[in-house]
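Understanding the architecture of this molecule
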Amino acid sequence: NAGVTQTPKFRVLKTGQSMTLLCAQDMNHEYMYWYRQDPGMGLRLIHYSVGEGTTAKGEVPDGYNVSRLKKQNFLLGLESAAPSQTSVYFCASSWTSGIGYEQYFGPGTRLTVT
Amino acid sequence: KQEVTQIPAALSVPEGENLVLNCSFTDSAIYNLQWFRQDPGKGLTSLLLIQSSQREQTSGRLNASLDKSSGRSTLYIAASQPGDSATYLCAVLYNFNKFYFGSGTKLNVKP
C-alpha cells in the first residue's frame, strides 16, 4: 500500500500561471481533502469530496478548483496563481471506521509563486 | 468558528523525561479528536484517534486523553527520546468534513 501520494513534490510558478496538483490514494477511502499549511496559521481546509463525482468548499476555497472523477484521485487546480498561494499543500483521505473518521495524509507539495 | 489551541508552542526537554502536550477546543460537541506527528518537510502521521465517547487511547509510550466537558485533550509521552523530536498537532473533528487543526507544539528532546 502506497497510502496517499501527491504529485509534484515541489513547484515554482510565476504569478498568473496555472497548475494542477494530483492526489492519489489506494485505500478505497470515500472522503478526500485538500489543505494548505502556512506558518502560524495551521492547516486550513480548501476543498473536500465525499465521494466520486462530488466536491465541496472548505474554509479557504477562493482561487482553487477541484475535481474527483475517480474515487482514488483528487485534483487541485490553480487557474491563475498568486503569491498569496505560496504554501505547502497537503492531501488527506479518510473513511468511517469503527472509531471515527481517521485521516491519512500525503507527503505534501511545496508551492512557491513568484 | 471553532478554535483549537495548543500550548506550549515549543518545548525542549532532556531525554528520558515524561511530558504532556495540551490541546484545547472551544466547542465541546466534537465527533473525535486525532493527534498527529509532523517531521520537518514531511506530511502528518497519525498517532492516536479518540472518539467522543472515549476518555483515552494508548499506543506504546503515547497516551491521549479527552475531556469533552472542559474542551481539553492531552498527549502524554513517556520516557521521551531524541527520535520523538517533531511537531505534534491535534485535530478536532465536528463532522466528516469539519476538521480543525491546532498550530502545533514543536518538541525538541535533547540527548
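You'll find the structure just up there.
Reference entry: report on the structure contained in this document. As a convention, each chain's residues are numbered from 1 in the sequence order in which they are written. Going through the entries in the order they are written, you letter the chains from A and number the ligands from 1. In keeping with the model being predicted, local features are shown solely for residues with a pLDDT of at least 70 and side-chain atom pairs are shown and tallied solely at 80 or more, while totals for entire chains, interfaces and linings include all residues. Note that the side-chain values use all heavy atoms of the structure and ignore hydrogens as well as water.

A count of helical and extended segments in chain A gives zero helices and 11 strands. We count a stretch as a helix when DSSP gives it H or I for four or more residues in a row; a strand needs E for two or more, and each element gets its number in order from the N terminus. In chain A, the order of α-helices and β-strands from amino to carboxyl end is β-β-β-β-β-β-β-β-β-β-β. This radius of gyration counts C-alpha atoms alone. The globule rule is 2.2 Å times how many residues there are, raised to the power 0.38. For chain A, the C-alpha radius of gyration of 13 Å lies close to 13 Å, the compact-globule estimate for 114 residues. Projecting the C-alpha coordinates of chain A onto the three principal axes gives extents of approximately 45 × 30 × 25 Å. The contact definition used throughout considers only heavy atoms, calling two residues in contact when any of these lie within 4.5 Å. By sequence separation, contacts in chain A at least 24 residues apart represent 54% of the contacts at least 6 residues apart. All tallies of charge rest on Lys and Arg as positive and Asp and Glu as negative; His and the ends of each chain are not included. A charge is said to be at NZ when it belongs to Lys, at CZ for Arg, at CG for Asp and at CD for Glu. Each charge class in chain A was averaged separately, 10 positive and 8 negative side chains, and the resulting centres sit 8 Å apart.

All names here are of chain A. Cysteine sulfurs are considered disulfide-paired once they come within 2.5 Å of each other. Inspection of the entire model under this criterion finds two disulfides over all chains. A sulfur-sulfur separation of 1.8 Å characterises the disulfide bridge that pairs Cys23 with Cys91. Taking the sign of the torsion about the S-S bond as the criterion, the disulfide between Cys23 and Cys91, at about -70°, is left-handed. Taken together, the residues span a long stretch of sequence, with Cys23 in strand β3 (residues 19-25) and Cys91 in strand β9 (residues 87-97) at a distance of 68 residues.

Residue and element names in this part refer to chain B. The rule for pairing is simple: two strands pair if DSSP sees at least two bridges between them. Spatially, β1-β3-β8-β7-β6 is the arrangement adopted by the five strands of the open sheet, whose pairing is antiparallel. Two strands in the sheet have a free side with no partner beyond their single neighbour: β1 (4-7) and β6 (56-59). Ignoring strand direction, the axes of neighbouring strands in this sheet form an average angle of 15°. Pairing of β1 with strand β3 (residues 19-25) involves four bridges; the strand directions are antiparallel. Residue pairing for β3: Gln6 is matched across the bridge by Cys23. The convention used is that axes are lines fitted to C-alpha atoms, helices contributing only their stretch in contact, and that angles between N-to-C directions extend from 0 to 180 degrees.

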